[in-house]
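# A closer look at the structure
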Amino acid sequence: MGMSSEQTAPYASSAAESGPTPPPAAPAKIRIHHLAAAKAEGRRFSMLTAYDTLMAEVFDEAGVETLLVGDSAANNVMGHATTLPITLDEMIVFAKSVVSGAKRALVVVDLPFGSYEASVEQAVTTGVRLMKESGVHAVKLEGGAYFADHVRALTAAGVPVIGHIGFTPQSEHALGGYRVQGRGDAAEALLEDARALETAGAFCVLMEMVPADAAARVDEALAVPTIGIGAGNSTTGQVLVWQDLLGLRRGRLPRFVKQYADLRSIVHDAVSAYRSDVASGAFPDTEHSF
């Protein structure tokens, strides 16, 4: 019996192609088992943050396999200095917007600061509410082995979980700022955290701002896929904040960001041209009038 489109893995191969064998057909909908297949078959997938319908639609059409409704919306949309102020209600609004624009991608949402730490019960209540009210397919939770019981309970409740270790932005103040994690002897603790999350049922483990060799060690030790952001090239997936990727943000970029476009300049020039046309009376012209 032939495999359906949903049973095939969509990802670009991470190794050199051998012979003329075509890549596997892309599924109509990305599921968790496609990400697992990517890890098993040595393939890779992409993830981008998304916070609104139109950008989610663009990323989805471009073939990005996973979209993260990050609590980074606090910084990149709402203008806060950290991710801490964003609320659960606000995350639900952003998540609903992304789900409405994503037809194929797997949509994951962050559990915001203060919505899961107090207890296992709080984590399950938050995860279930996010899935019911926004339509997302999974949640992401910051923290290592300490939160294994939270991950286990969420998974048992039918809420798929991505674990997030290394630098965890919600703990920025406790960690002393944006600092690389997992150096030297701390690499062993990073590995222990990753194993605990996998054992608890996390279907992926995301690592942020950790040395490439430590991330490679974690990826090799886990059966589930890993996702990196500032974690080298050995992870199964890679994630970036879309405003960084497309050059919308001003100022110094993190070392791990590769900028693929200068969208800020493009938008600036277009808006300046619009303003000039309005001032001169060139817009609206006959073509744009009834």
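Since we're looking at a predicted model, the values are computed, not measured.

### Comments concerning the UniProt feature "binding site: Mg(2+)" (unreviewed entry) in the protein
- UniProt tags Asp71, Asp110 and Glu142 as "binding site: Mg(2+)" (unreviewed entry). The greatest C-alpha distance among the residues just named is 10.9 Å, despite their covering 72 residues of sequence, which places them together in space.
- Among the structural elements, Asp71 can be located in the loop between strand E3 (66-69) and helix H3 (73-76).
- When its relative accessible area of 3% is taken as the criterion, Asp71 is described as buried.
- Once residues lying within four places of it in the same chain are set aside, the contact partners of Asp71 are Thr83, Ile86, Met91, Asp110, Glu142 and Gln170.
- Tracing the backbone through its elements, the reader meets Asp110 in strand E4 (residues 106-110).
- According to the relative accessible area criterion, Asp110 is buried, its value standing at 3%.
- Excluding anything up to four places from it in sequence, Asp110 contacts Leu68, Val69, Gly70, Asp71, Met91, Leu130 and Lys140.

### Examining the packing of helix H6 (residues 148-156) against helix H8 (residues 186-200)
- Relative to each other, H6 and H8 sit at 25 degrees, their axes nearing to 8 Å. As far as their axial angle goes, H8 and H6 are roughly parallel. Where H6 crosses over H8, the two elements pack in a sense that is right-handed. Across from Ala148, Val151, Arg152 and Thr155 in H6, the residues of H8 making contact are Ala196, Leu197 and Ala200.
- Here the residues of the contact of H6 with H8 sort into five nonpolar, one polar and one charged.

### With respect to the UniProt feature "active site" (unreviewed entry) in the protein
- Per the UniProt record, "active site" (unreviewed entry) is annotated on Glu208.
- One polar contact links Glu208 to His164, side chain to side chain, over a distance of 3.1 Å.

### A word on the pattern of salt bridges
- In this structure the tally under the stated criterion is eight salt bridges.
- Residue Lys39 pairs with Asp219 through a salt bridge whose shortest N-O separation is 3.6 Å. Of this pair, Lys39 sits in helix H1 (residues 32-40) while Asp219 sits in helix H9 (residues 212-221), placing them 180 residues apart in sequence.
- Overall, Lys39 belongs to the buried group, its relative accessible area being 16%.
- For Asp219, a relative accessible area of 12% corresponds to the buried category.
- A single salt-bridge network, built from bridges that share partners, covers Asp89, Arg129 and Glu133.

Calculation criteria
Numbers given for residues are sequential positions, taken from 1 along each chain in its written order. Side-chain atom pairs in this predicted model are given and counted only at pLDDT of 80 or more, local residue features only at pLDDT of at least 70, and totals for whole chains, interfaces and linings cover all residues. As a convention, hydrogens and water are excluded, and side-chain values are obtained from all of the structure's heavy atoms. UniProt positions are given in the numbering used here, feature names are shortened, and annotations may be inferred rather than shown by experiment. What counts as a helix is a DSSP run of H or I of at least four residues, what counts as a strand is a run of E of at least two, and both are numbered from the N terminus. A 1.4 Å probe rolled over the protein chains alone gives each residue an accessible area, and that area as a share of the maximum for its type sets the label: buried under 20%, exposed over 50%, partly exposed in between. Note on contacts: a residue pair qualifies if any of its non-hydrogen atoms lie within 4.5 Å across the two residues. Each axis is a line fitted through C-alpha atoms, taken for helices only over the stretch in contact, and angles between the N-to-C directions span 0 to 180 degrees. Orientation categories follow fixed angle ranges, with anything under 35 degrees roughly parallel, anything over 145 roughly antiparallel, 65 to 115 roughly perpendicular, and all other angles oblique. Working rule for handedness: look at the near helix, and if it is turned counterclockwise from the far one by less than a right angle, call the crossing left-handed; if clockwise, right-handed. Residue polarity follows a fixed list, in which Ala, Val, Leu, Ile, Met, Phe, Trp, Tyr, Cys and Pro are nonpolar, Asp, Glu, Lys and Arg are charged, and the others, Gly among them, are polar. By the criterion applied in these results, polar contacts are pairs of N or O atoms within 3.5 Å in which, for protein atoms, one can donate a hydrogen and the other can accept it, and in which residues neighboring in sequence qualify only through two side-chain atoms. The working definition used for a salt bridge is a side-chain nitrogen of Lys or Arg within 4 Å of a carboxyl oxygen of Asp or Glu.

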